[in-house]
Every structure is written in C-alpha cells, then in structure tokens.
Amino acid sequence: MVAEAFYRYKHQEDTTAFTMWQMLEPQAETIRAGLARLFGCDPNEIAITRNASEALQILLFGIDLRSGDEVISTTQDYPRMLTALRQREAREGPTVKLVKIPLAPENTDDIVNAIEAAITPRTKVILISHMVNITGQIMPVRKICEMARARGIETIVDGAHSFAQLDFKRDDLQCDYFGSSLHKWLYAPKGAGLLYVRKDKISKVWPLMASVDKGKDDIRKFEEIGTHSSATRLSIGEALLYHDAIGAKRKEERLRYLSSYWMNRLKKLDGIGFNTSFSPDQFCAIANFKIEGGDPLKITEYLMAKHKIIATPIIHAEFSGIRITPNIFTTLRELDRFCGVIEHLVKNGAAKAQYS
Ligand SMILES: Cc1ncc(COP(=O)(O)O)c(C=O)c1O
C-alpha cells in the first residue's frame, strides 16, 4: 500500500517540475497535520525531515550553546547523536557529559536519579532516547523532562524507535523537542522523518540549512533542504492510514506480546540472561539477551548462516548481548523456531564450545 503510493507519486513528480512543486508538494501540509494528530501537537510544531538523524542534528547543532554550557546524555544514546554532540563540543566548547544508566533496573527512578546527579547549574540541555535501541529499554522520559523543566533545562527526546511503536502523545512525554524516523515503526518509505519543536522554541533554533527568508517562527524553515522527492513525503500519508487501521494500542500490545513470548520461553534456560527488563512499562518490540560464555558476534553469524534468522550482536563498552526484534507480522511459529535453535545451542554447550 505504501510502496504503491510511493511509485504513484514518483511517476507524478517526474512528469513536470510544475507537477512536483505546485501540485504535489503543497499536499505535504496534509501529512504535517496527520503527523501532528498522531503526536498530539499543533501542525505548526511539526517539520518533515529525512530521518531521525536529520531531525535530531537540527536540534543538536541549532540550539544556542556556548563554551561553559553543559549538555547531558547517556552512554547508551545513539552513536550518531553522541558524535554530533562531540563535534559541537570540539567546535564551540559546550561540555558533553555522558551518564551511565543501569541496565534493566528494578525501578526506573534509578535512571532518573543517575541523570539528575549529573546536573549542574551549567546544564542547558538533556538528550535522551525514548527507547534505547540496543536494549529496548523504555526510558522514564516524562519524569526526566519534568525534572529538567523544573530546573530550566531543555529536553530533546530521540524517538527513533518509539514513534508508532508505542502508543503515546507529546503530553505523555513533556519534552521540548522530539525527533524520529518514520521508515522504522510507521513503515513509511526510507528517507522520512519527523521533527517536533515546541511552539515557543521554534524561533530560537537555527536550521541546519539556512533559510532566513522563511520567517523565524515558521517550522517549515527546517525543511528548506533543496530539491527532494515529494513521493517519499506524501506516501507517509498511506503509512499513517495503515497505522490507524491497525490501531496504535493494538500494535504496541502485539509487539510486546511477541517479545514476551520468546523472552519467557528462553528465560527458563540455565545460562541465559537478559539486558532488558521484563517489566511491561520498560520494553516492547526490542529486547536483548545473552548466552553465558557465548560470543554474540559468532552466535548471530551462526543464526543467519545456518538458520536464516536475523539477530543483531550488540557489543557495548558496558555490556554485550543479542538483540531480537519481531515485527507485527512475525508469527509464533517463527519465534518457536528461533527459541528451539537457542535451546539446542545452550543444552549442547555449543554456545560456549563452538561459538565463543
Ligand atoms: C535511537 C536511535 N536514534 C537515531 C537513529 C537514527 O535513525 P536514522 O538512521 O533513521 O536517521 C537510530 C537508528 O537506528 C536509533 O536507533
């Protein structure tokens, strides 16, 4: 459905420049309105970007910061965003502080406390993932944002994995800024993203590509990126329809059900551990497990080579494991096959002997 719409728009935009700029491009306003409805904000607070990286880098480079200011993030935030912060630090001097957050905590207040402990009077911005991509941890975003706001600190939420995976609205987060990719859980074509900027903050954020003529309060200033495909942006509309047809709550519940299914089966095995909490408010589609003594790289290579099972090795300075991510169309039979392979590996000591 989304792919068909994409090709339809693609044919249309390639006919004449008039078709693209005068007929198709203005329809992006409908997409803006649809994204705003899903996120629970005013359409004039939503910019359509090419991905989460672009949305978040607009913020990480566009918010005024100077030497002496501090930005806090975590060691588990997405590497490209941390690289952006490091580049900013190298060029302009704001100090970047990365906080270690506990893995699969009993109480998510431990995460809030770890971040709060790093705050000083110089802290200006906190960047946090809504869902940590390497563990699937759902962060206590609202508590962090409220704690930050009470101290006059702005919050940027990296929602690359949460948007359209979890059923939430802007007011559930209380963030100032939010960025996401739409080609992940909304199933839009690759090259589609969303940037949210709270209305009263738009005028103070510089766009990545200059657009002084665009009116500083206009969220569309962040979309002045030169010639780009309308087809990608417009087919977000079909992805939104598909999302609505499934239902945001049903989608979240289905994804959590599938993760719980394989997690609960594997947890019965000796020698299996988890880098993801089993608490329903802390995980959904993504979870990370480990086989004692097993090398995640070798095990995931084996899973693909021998069983055509896609799993992602996660090697982080603080922990390692294997990330499993079912999608709504994943069947229980497929999860049984995956669990069967892991059970076989663990029972035969193969994870230790052959693959580590
Ligand atoms: C937490 C997180 N942030 C940002 C990104 C960047 O997304 P994109 O490559 O679509 O810009 C990803 C991608 O996986 C991610 O997991």
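The structure displayed is predicted, hence computed values, not measured ones.

Quick look at the site of the ligand
By nearness alone, every residue bordering the ligand is listed as N51, A52, S53, Y78, R80, N133, D158, A160, H161, S181, H183 and K184. Between the ligand and A52 there is a distance of 3.4 Å, counted from an oxygen atom to a backbone nitrogen or oxygen. The side chain of K184 places a nitrogen or oxygen atom 2.8 Å from an oxygen atom of the ligand. With the chains in place, 90% of the 390 Å² that the ligand exposes on its own is no longer accessible. Its residues placed into classes, the shell around the ligand shows three nonpolar, six polar and three charged.

Regarding the packing of aromatic side chains
For the structure shown, the criterion picks out 15 aromatic pairs. For the pair Y257 and Y261, a centre-to-centre distance of 6.5 Å together with 50° between the ring planes defines the contact as tilted. Remark: Y261 and Y257 occur in helix α11 (residues 248–266); sequence separation between them is four residues, near one turn of the helix. The ring of Y9 carries the charged tip of R8 above its face, separated from the ring centre by 5.3 Å. In this structure, K216 packs its charged tip against the face of W206, placed 5.7 Å from the ring centre.

Considering the sheet that holds strand β3 (residues 95–99)
Here seven strands make up an open sheet; going across it, the order is β1-β7-β6-β5-β4-β2-β3 and the pairing mixed. Each having just a single partner strand, β1 (46–49) and β3 make up the two edges of the open sheet. Recorded for the sheet is a direction-independent mean angle of 15° between the axes of neighbouring strands. Strand direction decides the pairing type here: strand β2 (residues 70–74) and β3, joined by five bridges, are parallel. The residue of β3 that forms the bridge with S73 is L98. Lying over the sheet, helix α3 (residues 28–39) contacts β1, β6 (177–181) and β7 (193–197), oriented at roughly 115° with respect to β1.

Looking at the nonpolar core
Counting residues in hydrophobic clusters, the biggest one holds 64 residues, and the most contacted among them are L35, I115, F163, F178 and I236. Of all the elements, α3 adds the most residues to this core, at six residues. Summarising the domain contributions, this core has at least three residues from each of domain 1 (2–244) and domain 2 (248–353). With 26 residues, the next largest nonpolar core counts L56, L60, I63 and V197 among its residues.

As for helix α2 (residues 17–24)
For α2, the set of buried residues is T19, M20 and L24. Angularly, the buried residues of α2 cover 95° about the axis, an arc narrow enough to put them on a single face. Across α2 from its buried face, at more than 90 degrees, point the exposed residues A17 and F18. The inward-facing, buried residues of α2 abut α1 (2–13), α3 and α9 (230–234).

A word on the pairing of strand β9 (residues 287–291)
Burial analysis of β9 places four of its five residues in the buried class, which makes it a mostly covered element. In the sheet, strand β8 (residues 272–274) pairs with β9 via three bridges, with the strands oriented antiparallel. Of the residues in β9, the one forming a bridge with F274 is F289. In terms of strand pairing, β9 meets strand β11 (residues 320–324) through three bridges, oriented antiparallel. Residue pairing in the sheet places A287 in a bridge with I324 of β11.

A word on the domain arrangement of the protein
Partitioning the protein into domains gives domain 1 (2–244) and domain 2 (248–353). Counting from both sides, the interface comprises 25 residues of domain 1 and, opposite them, 26 residues of domain 2. When domain 1 packs against domain 2, the two sides together hide about 2,100 Å² of surface, and 54% of this comes from carbon and sulfur. Summed over the shared surface of domain 1 and domain 2, the number is zero salt bridges. For the interface between domain 1 and domain 2, the tally reads 14 residue pairs in polar contact (both at pLDDT 80 or more). Here the residues of the side of domain 1 that touches domain 2 are counted per class, giving 12 nonpolar, 10 polar and three charged.

Considering unusual backbone geometry
Phi is positive for A104, which is not a glycine, with a value near 40°. Among the secondary structure elements, A104 is positioned in the loop between β3 and α6 (109–118). Take A104: its relative accessible area is 27%, and that puts it in the partly exposed class. Positive phi is not limited to glycine here, since A164 has a value of about 75°. Relative to the assigned elements, A164 resides in the loop between β5 (154–158) and α8 (170–173).

What counts and how
Residues numbered from 1 in each chain as written. Predicted model: local features only at pLDDT ≥ 70, side-chain atom pairs only at ≥ 80, totals over all residues. Heavy atoms only, no water. Near = heavy atom within 4 Å. Polar contact = N/O pair within 3.5 Å; in protein donor to acceptor, adjacent residues only side chain to side chain. Areas by Shrake-Rupley, 256 points an atom, 1.4 Å probe, with all protein chains shown as cover. Nonpolar A, V, L, I, M, F, W, Y, C, P; charged D, E, K, R; others polar. Phe/Tyr/Trp six-rings, centres within 6.5 Å; stacked < 30°, edge-to-face > 60°. Helix = DSSP H or I, 4+ residues; strand = E, 2+ residues; numbered from the N terminus. Lys NZ or Arg CZ within 6 Å of the ring centre and 35° of its normal. Pairing = 2+ DSSP bridges. Axes fitted to C-alpha atoms, helices over the stretch in contact; angles between N-to-C directions. Contact = heavy atoms within 4.5 Å. Core = buried A, V, L, I, M, F, W, Y, C linked by side-chain atoms within 4.5 Å. Buried < 20%, exposed > 50% of the residue type's maximum accessible area, 1.4 Å probe, protein only. Domains from an automatic or database assignment. Arc of directions from axis to C-beta. Buried area = accessible area lost by both parts, 1.4 Å probe. Salt bridge = Lys/Arg side-chain N within 4 Å of Asp/Glu carboxyl O.

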